[in-house]
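Fold and geometry: a report
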Amino acid sequence: MNASALHARWSLDSGDHEHVIFAVEGMHCAGCARTIEKAVNALPEIEGVRVNAATARVCVDWRGKGSTGLEQILGAVMKAGFKPMPLAGDAAASEYQKERRTALKRVGLASLGMMQAMMYLSALYGVTDIDAHMAQLMRIAGMVIVTPVLFYSGAPFFAGAWRDLRNRRLGMDVPVALALTLAFIPSVINTFRAEGEVYFDSVGMFVFFLSAGRFVEMLVRHRGLSSTEALARSLPSQVIRLTTDGSREKVTAADISPGDRIVVPKGGVVPVDAVIPRDTFARGRLDESLVTGESAAVERGAGDRVFGGSLNLGDALTLEATAPASRSTLASMVALLERAQGERPRLARAADRAASWFVAVILVLATLTAVLWWQHDPARVLPAVLAVLVVSCPCALSLATPAALAAITARLARWGVLVTRADAVERLAAVDLVVFDKTGTLTSGGASINAVNLLNGLGREEVLRIAAALERSSAHPLAAAFAAHDDVALGTEQVREFAGEGIEGAVNGAPWRLGRRSFAAGIAVTHKVLPLFREAETDSVYLCGTQGIVASFDIGAPLRPGTREAVDALRALGVQTVIASGDSDRATQAVARLLGIRRAHSRLTPDDKLWLVKELRSGRHHVFMVGDGINDGPVLAAADVSCAMGQGSAIAQSAADVLLVNENLALLPRAIAGARAAMRVVRQNLGWSLAYNFVGVPLAALGLISPWVAALGMSLSSLGVVLNARRLSGRA
Amino acid sequence: MSISYLLVFLGLGVFGFAIWALFWAVDSGQYDDLENQGAAILEDTQAESELDR
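Residues numbered from 1 in each chain as written. Chains lettered and ligands numbered in written order. Predicted model: local features only at pLDDT ≥ 70, side-chain atom pairs only at ≥ 80, totals over all residues. Heavy atoms only, no water.

**With respect to the overall build of chain A**
Of regular secondary structure, chain A possesses 23 helices and 26 strands. Relative to its full complement of 732 residues, chain A shows a buried share of 54%. Once local pairs closer than 6 in sequence are excluded, the contacts in chain A between residues at least 24 apart make up 67%. Just so you have it, chain A exposes about 31,000 Å², and 57% of that area is on carbon and sulfur atoms. (Helix = DSSP H or I, 4+ residues; strand = E, 2+ residues; numbered from the N terminus. Buried < 20%, exposed > 50% of the residue type's maximum accessible area, 1.4 Å probe, protein only. Contact = heavy atoms within 4.5 Å. Areas by Shrake-Rupley, 256 points an atom, 1.4 Å probe, with all protein chains shown as cover.)

If you want it as structure tokens, here you go:
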């Protein structure tokens, strides 16, 4: 692959720092990941390398403008024995196709060869009596069949083992290659001697089971890649652009620059972030599920933002691009997701180190097995050693964690929850306390009526209708809160607004005032009903007529949809909730009461919030901080896990571990439950692979497992781990 | 018994043919997409013409 193909990919560059993510072919285990890390780290000016074995991604940060460039990095990876591949696009598709075809041919040859070899060689098992000539013919037939199987289908194991040894470490291919060699060479010698045992059928079966296991692992890995690729690929490659004279031209998405007018046909995908221009007066129906996870169609009018990646469900729509394709929301999401999948979580790194030791232990055990059997029964040395080498499965051990984490990350992304750090899932699963920022998180902008207090005999509906009539023509933000109660049957006249005080007017002939208490009550004072108020003002709005104050309205910011469900679901998960707000006591308590949250801290400065989070953590809580991500960076960073709401290209810069793309808080409990399920699967996988090895290796050493059963067992145990993880990703 | 000798070689020949057939099938792309081809007939092929409109 050439470097320019990678340059064309989206990356999160920040000034003189360069950043690239690519896939690698030929990586099967954690050991390979460390080899690549070492090779790239040896280059100058490298700031960080993260390699994820489960997704076969490499993610490199380096200081640009120095001697190190992309070519040097790719060169180092190739010298270490791996082939870099682009992550998405046509080039990637053809690379994956090639990898898949080759793997399919390898498995096919191995399966056909294994069966044929077994048929011929079963004649030598001693059940039927055959003459020496015939026996020799069977050995030769077995050799003719199994030799291509070993050298074609088994080539990846030898290549892997050779690479491991050259890099002076023990990978999981080493025992496999050793076992294949140990079984094949004596068989060839015995064939030429025309007497003795041959193990060609066992070799065929090893290669078949092991390469079938690898094949399924590869399919799962490609599927994992395709979750981000599905995002990236969903953008159309061709776009219709309107030229200044009104004619249409076809250009590629990369050619679109901000300010360009583009046309998206019905059923087409919006290629870049854009707005509906005000002069078109168009309305569009769009499916934004790819970006926000929200499956219901949304209406967008003139002046509204439209995300790149949205599907146009309505008629053809003319849009004005606001960002180039590489800076769209979707591009940022893909880049973040790739970063998270490129990192290797702490748990996986621990398993990798264990797996490397594990191979060393297996080689020692195999030697011991050989020595002991030699003393008892030399004829059984080879089968026992082969079984020990093949049955052990460090692969399941090192796949257990990354496979599960990759699956849950992909699933959460489909819901609109972006996990931006590899470790976030583990920490999210441990969360037992959520701290919500109030403004912008629990509540959105604007105003709403939280409560109506009736003070003077008039009904709730009536006071709302009077207030709505007064506010009918007002442009004040408060007016929107009353708009739902407006009744055109009520006529108004002489409506006057007093800035910062309230509004006055006659409704059906009777004078009314709506506003601050002292202002509203003023009307009653002039009518000699009430004395002038001298008490402190509150956040409430009062409605006052000639008979005195009839009602007060508690005004607050409206809760985001789904907030109540989110808090209830969190409680059901056993997670405590706390509000930390910079807002007034009254406003904070009102929201806390609505949501049933007992602990609500108000009037907090950013420093106070930081201190609160730190104190909660020192109280042995695992704190999940949820903010709007705009100015709460330090607080988010202080928590165990942080979540920000975000849209647009700003999300790429976010420090939060988790991003809620569609700002729906109801996804938080689902994300926590998903993370817990993922950690359960990780524990199951680790437990399973440990138990399997602890049982399998001693049985093999005692000669109780024949080599082909061992090969089957190893493949099934790896597969079990991968398929168990697949449960998490669910069906799209 | 001499027929057995012939059968062994015949078997090897059939094996060789099967491998050739498999490699040919894989290389000609028959296994590249096992999921979407079945649904392909349901897909609209009008997207391109709509672009031109």
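This is not the end of the story, as more comes after the structure.
**As for the overall build of chain B**
Regarding its fold elements, chain B presents three helices and zero strands. Buried positions account for 19% of the 53 residues belonging to chain B. If you sum the accessible surface of chain B, you get close to 4,200 Å²; carbon and sulfur atoms cover 63% of it.

**Things to note about the side chain of A:Ser187**
Mapped onto the fold, A:Ser187 is located in helix α7 (residues 173-193). Residue A:Ser187 is classed as buried on the basis of its relative accessible area of 0%.

**Section: the interface of chain A and chain B**
Taken together, the contacts link 27 residues of chain A with 25 residues of chain B. Surface buried jointly by chain A and chain B totals about 2,200 Å² across both partners, of which 67% is contributed by carbon and sulfur atoms. Put simply, chain A and chain B have one salt bridge between them. Residues B:Asp27 and A:Lys105 are paired through a salt bridge, measuring 2.9 Å at the closest nitrogen-oxygen approach. Between chain A and chain B we count six residue pairs in polar contact (both at pLDDT 80 or more) in total. For the side of chain A that touches chain B, the secondary structure elements donating two or more residues are α4 (89-121), α5 (132-153), β5 (238-242) and β6 (248-252) of chain A. The element contributing the most residues to the side of chain A that touches chain B is α4(A), with 11 residues. In terms of residue class, the side of chain A that touches chain B is made up of 13 nonpolar, six polar and eight charged. (Buried area = accessible area lost by both parts, 1.4 Å probe. Salt bridge = Lys/Arg side-chain N within 4 Å of Asp/Glu carboxyl O. Polar contact = N/O pair within 3.5 Å; in protein donor to acceptor, adjacent residues only side chain to side chain. Nonpolar A, V, L, I, M, F, W, Y, C, P; charged D, E, K, R; others polar.)

**Section: the pairing of strand β7 (residues 261-264) of chain A**
Residues and elements named next belong to chain A. As judged from the three bridges shared by β5 and β7, these two strands associate in the antiparallel manner. Across the sheet, residue Ile240 finds its bridge partner in β7, namely Val263. Summarising the sheet, β7 and strand β13 (residues 317-321) pair through four bridges and their orientation is antiparallel. Among the inter-strand pairings, Arg261 is bridged to a residue of β13, identified as Glu320. (Pairing = 2+ DSSP bridges.)

**Quick word on the pattern of salt bridges**
Residues and elements named next belong to chain A. Counting across every chain of the model gives 11 salt bridges over all chains. For Arg193, the salt bridge identified is with Glu195, shortest N-O distance 2.7 Å. Judged by relative accessible area, which is 48%, Arg193 ranks as partly exposed. On the basis of relative accessible area, Glu195 is assigned to the partly exposed category, the value being 42%. Here the salt bridges share partners, and the residues they tie into one network are Arg241, Glu249 and Asp260.

**Quick look at the sheet that holds strand β8 (residues 274-275) of chain A**
Residue and element names in this part refer to chain A. In spatial order, the strands read β6-β5-β7-β13-β8-β11; together these six strands make up an open sheet with antiparallel pairing. Both outer strands of the open sheet, β6 and β11 (305-306), are each paired with one neighbouring strand and no more. Across two bridges, β8 lies against β13 in antiparallel orientation. In the strand pairing of β13, Ala274 is matched with Ala321.

**A closer look at a nonpolar patch on the surface**
Residues and elements named next belong to chain A. Side chains of Val361, Val364, Leu365 and Leu368 sit close together on the surface and give an oily, nonpolar patch of about 320 Å² of accessible area. By secondary structure assignment, the location of Leu368 is in helix α11 (residues 346-376). The exposure class assigned to Leu368 is partly exposed, which follows from its relative accessible area of 48%. (Patch = residues over 30% accessible without salt bridge, like charges linked within 9 Å, V, L, I, M, F, W, Y side chains within 5 Å.)

**Brief notes about unusual backbone geometry**
Residue and element names in this part refer to chain A. Although it is not a glycine, Ala194 sits at a positive phi angle of roughly 60°. Of note, Ala194 is situated in the loop between α7 and α8 (200-233). Here the phi dihedral of Arg620 falls at roughly 65°; this positive angle occurs in a residue that is not glycine. With respect to the helices and strands, Arg620 occurs in the loop between α20 (606-618) and β24 (623-627).

Bear in mind that shape data such as this cannot, by itself, settle questions of function.
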